[in-house]
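Chain by chain, the residues run as shown.
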Amino acid sequence: MTKVLALVEDTTAHPPAEGDEVVSAASRMAAELGGEVHALVVGGLGVASGGESLGSSGARVVKVAAHPLLEAYHPDGYAEVVTRVVRDGGYAHVFMPASDRGRDLAPRVAARLDVPLAQDVTAVSVSAGVVEFTRPIYAGKAIARVTIDAHPCMATLRRSSFSSTAGGPSATVESIEVDPDPARWPTEVESFEATTGGIPDVAQASIVVSGGRGMKGPENWHLLEELRSALGREAGLGASRAVVDAGWRPHGEQVGQTGKTVSPRLYLAIAISGAIQHLAGMRTSGTIVAINRDPEAPIFKVADYGIVGDAFEVVPRLTEEIGGLGLPG
Amino acid sequence: MKIVVCIKRVPDTETRIRVSDDGRSIDTSGVKFVTSPYDEFALEAALRTREDTGEGEIVAVTIGDDDSRENLRNALAMGVDRGILLEGRTTHDGLATARCLSTIVEELDPDLVLLGVKAVDDDQQQTGPMLATLQGRGCATGVSEFRLDGDAFVCRREVEGGRETVRLARGAVLTITKGAYEPRHTSLKGIMAARKKPIESRPAPDSTSRLEVRSIELPPEREGGRIVGEGPDAVPELVRLLREEAEVI
Ligand SMILES: Cc1cc2nc3c(=O)[nH]c(=O)nc-3n(C[C@H](O)[C@H](O)[C@H](O)COP(=O)(O)OP(=O)(O)OC[C@H]3O[C@@H](n4cnc5c(N)ncnc54)[C@H](O)[C@@H]3O)c2cc1C
Ligand SMILES: Nc1ncnc2c1ncn2[C@@H]1O[C@H](COP(=O)(O)O)[C@@H](O)[C@H]1O
């Protein structure tokens, strides 16, 4: 029996009815390989309340490593725990979310286990018993299919690339004894300062309102913020590099080859020209809308829908129309 | 203070990627190569750290072919003291890369190891933390700025939803992202001085990749180009299309 482990970051992030993407992807693969999926939740006490609902996405067992010292993500502490669970459980495949944390954690675990790692995978397929991972390279200008010749076979899965399934029976929850010893951890986490004030990060948002140099200055960003807010709580803010370099917006919002690669359901590029490095980071978005006053702007070549016009006129109108729809805020 | 900076030669970000006939690699003919942008931030960070402490040696290391000497030369022109070329092929297997680089870190035992948060060709985002793990060193990824505080590095990390501050002892491995370290331009004087600085080359230690690239393809072209209309009057139609046709809002 092939055993697959799926790391779940936060059991409260998804209502059980929606399911979890990583567990769902692991389950689909396990079904083809004739295997079984276990979910792993690491965190503070009570982290896995409602963990049994991960069965809904196909997990048979939910392993919970809860300890007050693991409440916040700690690279060394988490790597230690996850490595041990993978080893003890004899898992053949290990999937983690390709979030900032997941991408930080996975290489540490892989190196401890002496196995390679495929980061930021967008599709998993099985042919003749071999698991193949699809991953964008050159920030999405090309797509590579790779295989891993090691046990376990590790990958981080990109958000919004995998559908989640729901409806399975509830899972058995098993708690794992952990005894973290911070004295052994080289990293000391001193503080965390939230910067986005509850707005989803651009890489996590399912709708992205992204602004470019044509917005003329940071004082005009309220127009984009108002549009974002009208689009509801799933919407985040993005920016081109020109905007970030000018210091109008933080680097965490930069989309592109030297920023974040995003694939939201809806990407709105406002007063962004569509340089190759920007397109690389957002071309896999579901639907792309461009608003630009230059009809020749390259962004229109990738946009599903475009409006040629002045952002300062078009955006407020769009905010008004969308506001009228009353999307959940 | 001894600092090792790992740099990688990659296609310029302007490059339009073409796939070779073998279907599993990139056609590099006519492609302009540069040092991966995040590695340039790492070089700058190393130089500033030395400027702050007023002493120390900076060594740039790369795994690559003979052409990668050019990237080492550029690093020397920026102010790095010496270069090491590990002659060999780089693969998508970051662990194999980390093992190779690990030999140098072991040998030089630096006070600080800097890498880019990712190489902008295969985007694996793993070499730094793997190298740190192999060497039993502490590691912070995605560092936008750091400072030396006594015997520790206090690092600012940009992460989803916020900013984290972490402290690591001397010997740490940091992967650098965009932030405080806009790379300096090389001066003519720097370029001249670089000619006299040493580049040592040796075969890369054997480290087989266990991550095999089966194929590389270009993503499907997007069929874009539908202009809904001009100016604010086009907005109601756009909203209708987003709701009824694309069904995204
Ligand atoms: C190594 C390297 C890495 C890079 N990485 C990235 C990256 O990760 N992400 C990225 O975005 N870029 C990146 N770039 C930069 C990229 O090449 C472009 O310079 C940048 O994307 C341009 O940003 P922009 O579209 O906001 O500005 P511009 O190209 O100046 O475009 C502004 C647009 O706004 C339009 N406009 C102006 N006024 C209005 C108005 N009133 N209403 C409507 N439209 C208006 C104009 O028609 C124009 O199309 C990189 C470049 C290099 C060299
Ligand atoms: N061939 C290489 N030679 C030297 N350093 C490398 C090489 N490949 C990757 N690195 C370093 O590892 C970082 C992250 O690369 P990656 O994990 O491939 O995204 C790069 O920014 C470099 O600092």
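What counts as what
- Residues numbered from 1 in each chain as written.
- Chains lettered and ligands numbered in written order.
- Predicted model: local features only at pLDDT ≥ 70, side-chain atom pairs only at ≥ 80, totals over all residues.
- Heavy atoms only, no water.
- Axes fitted to C-alpha atoms, helices over the stretch in contact; angles between N-to-C directions.
- Helix = DSSP H or I, 4+ residues; strand = E, 2+ residues; numbered from the N terminus.
- Parallel < 35°, antiparallel > 145°, perpendicular 65-115°, else oblique.
- Left-handed = near helix turned anticlockwise from the far one by under 90°.
- Contact = heavy atoms within 4.5 Å.
- Nonpolar A, V, L, I, M, F, W, Y, C, P; charged D, E, K, R; others polar.
- Pairing = 2+ DSSP bridges.
- Core = buried A, V, L, I, M, F, W, Y, C linked by side-chain atoms within 4.5 Å.
- Buried < 20%, exposed > 50% of the residue type's maximum accessible area, 1.4 Å probe, protein only.
- Near = heavy atom within 4 Å.
- Polar contact = N/O pair within 3.5 Å; in protein donor to acceptor, adjacent residues only side chain to side chain.
- Areas by Shrake-Rupley, 256 points an atom, 1.4 Å probe, with all protein chains shown as cover.
- Salt bridge = Lys/Arg side-chain N within 4 Å of Asp/Glu carboxyl O.
- Patch = residues over 30% accessible without salt bridge, like charges linked within 9 Å, V, L, I, M, F, W, Y side chains within 5 Å.

Q: How should the packing of helix 2 (residues 69-78) of chain B against helix 5 (residues 188-195) of chain B be read in this particular structure?
A: The description of two packed helices rests on the angle between their axes and on the distance between the axes. All names here are of chain B. Where helix 2 contacts helix 5, the axes come no closer than 7 Å and their chain directions differ by 120°. Compared by their axis directions, helix 2 and helix 5 come out oblique. Helix-helix and strand crossings are classified by hand; for helix 2 and helix 5 the assignment is right-handed. Side by side, helix 2 and helix 5 meet where Arg73, Leu76 and Ala77 of the first sit next to Gly190, Ile191, Ala194 and Arg195 of the second. Considered class by class, the residues forming the contact of helix 2 with helix 5 number 4 nonpolar, 1 polar and 2 charged.

Q: Where do I start with the sheet that holds strand 15 (residues 287-292) of chain A in this structure?
A: Strand pairs in the sheet, formed through backbone hydrogen bonds, run parallel or antiparallel to each other. Across the sheet, which stays open at both edges, the 6 strands sit in the order 13(A)-12(A)-14(A)-15(A)-16(A)-13(B) with parallel pairing between neighbours. With partners counted over all chains shown, the strands left at the sheet margins are strand 13 (235-239) of chain A together with strand 13 (227-230) of chain B, one partner each. Adjacent strand axes in the sheet meet at a mean angle of 15° when their direction is disregarded. Direction of pairing for strand 12 (residues 207-211) of chain A relative to strand 13 of chain A: parallel, over a ladder of 5 bridges. The residue bridging Gly211 of chain A from the neighbouring strand is Ala239 of chain A, located in strand 13 of chain A. Strand contacts of helix 6 (residues 235-245) of chain B: strand 14 (266-270), strand 15 and strand 16 (305-308) of chain A together with strand 13 of chain B, with the helix running at about 175° to strand 16 of chain A, the strand carrying the most contacts.

Q: I would appreciate a short explanation of the nonpolar core in the present structure.
A: Inside soluble globular proteins, nonpolar side chains tend to come together where they are buried. Val42, Val82, Met96, Leu105 and Met154 of chain A are the most contacted members of the largest nonpolar core, which totals 49 residues. Formed by 41 residues, the second largest nonpolar core is a distinct cluster that contains Ala26, Ala144 and Val146 of chain A together with Val213 of chain B.

Q: Can you help me understand the site of ligand 1 in this one?
A: As a matter of local geometry, ligand 1 sits amid 27 residues, with Arg213, Ser240, Thr258, Ser273 and Gln277 of chain A nearest to it. Mapping the residues near ligand 1 onto chains gives chains A and B. A distance of 2.8 Å is found between a nitrogen atom of ligand 1 and a backbone nitrogen or oxygen belonging to Val255 of chain A. Between an oxygen atom of ligand 1 and a side-chain N or O atom of Gln277 of chain A, the distance comes to 2.7 Å. When ligand 1 is considered free in solution it has 990 Å² of accessible area, and contact with the protein chains removes 81% of it.

Q: What is the right way to look at the pattern of salt bridges in this model?
A: Opposite charge on two side chains permits pairing when their charged atoms draw close. One pass over the full model with this rule turns up 51 salt bridges over all chains. Linking Glu36 of chain A and Arg60 of chain A is a salt bridge whose minimum nitrogen-to-oxygen distance equals 3.4 Å. Of the two residues, Glu36 of chain A is situated in strand 2 (residues 35-43) and Arg60 of chain A in the loop between strand 2 and strand 3 (61-66); the sequence distance between them amounts to 24 residues. Arg145 of chain A serves as the salt-bridge partner of Glu132 of chain A, at 3.9 Å between the closest nitrogen and oxygen. With Glu132 of chain A in strand 7 (residues 130-137) and Arg145 of chain A in strand 8 (residues 142-148), this residue pair connects regions lying 13 residues apart in the sequence. Residues joined by salt bridges that share partners form a network here, namely Asp76, Asp104 and Arg108 of chain A together with Arg157 and Glu164 of chain B.

Q: Could you clarify how one ought to interpret the side chain of His93 of chain A in this entry?
A: Tracing the backbone shows His93 of chain A in strand 4 (residues 93-97). When residues no more than four places from it in sequence are discounted, the contact partners of His93 of chain A are Thr2, Lys3, Val4, Leu5, Met29, Leu33, Val131, Pro152 and Cys153 of chain A.

Q: Mind showing me how you'd approach a nonpolar patch on the surface here?
A: On the surface, Leu188, Ile191 and Met192 of chain B cluster together into a nonpolar patch covering about 300 Å² of accessible area. Structurally, Met192 of chain B is set in helix 5.

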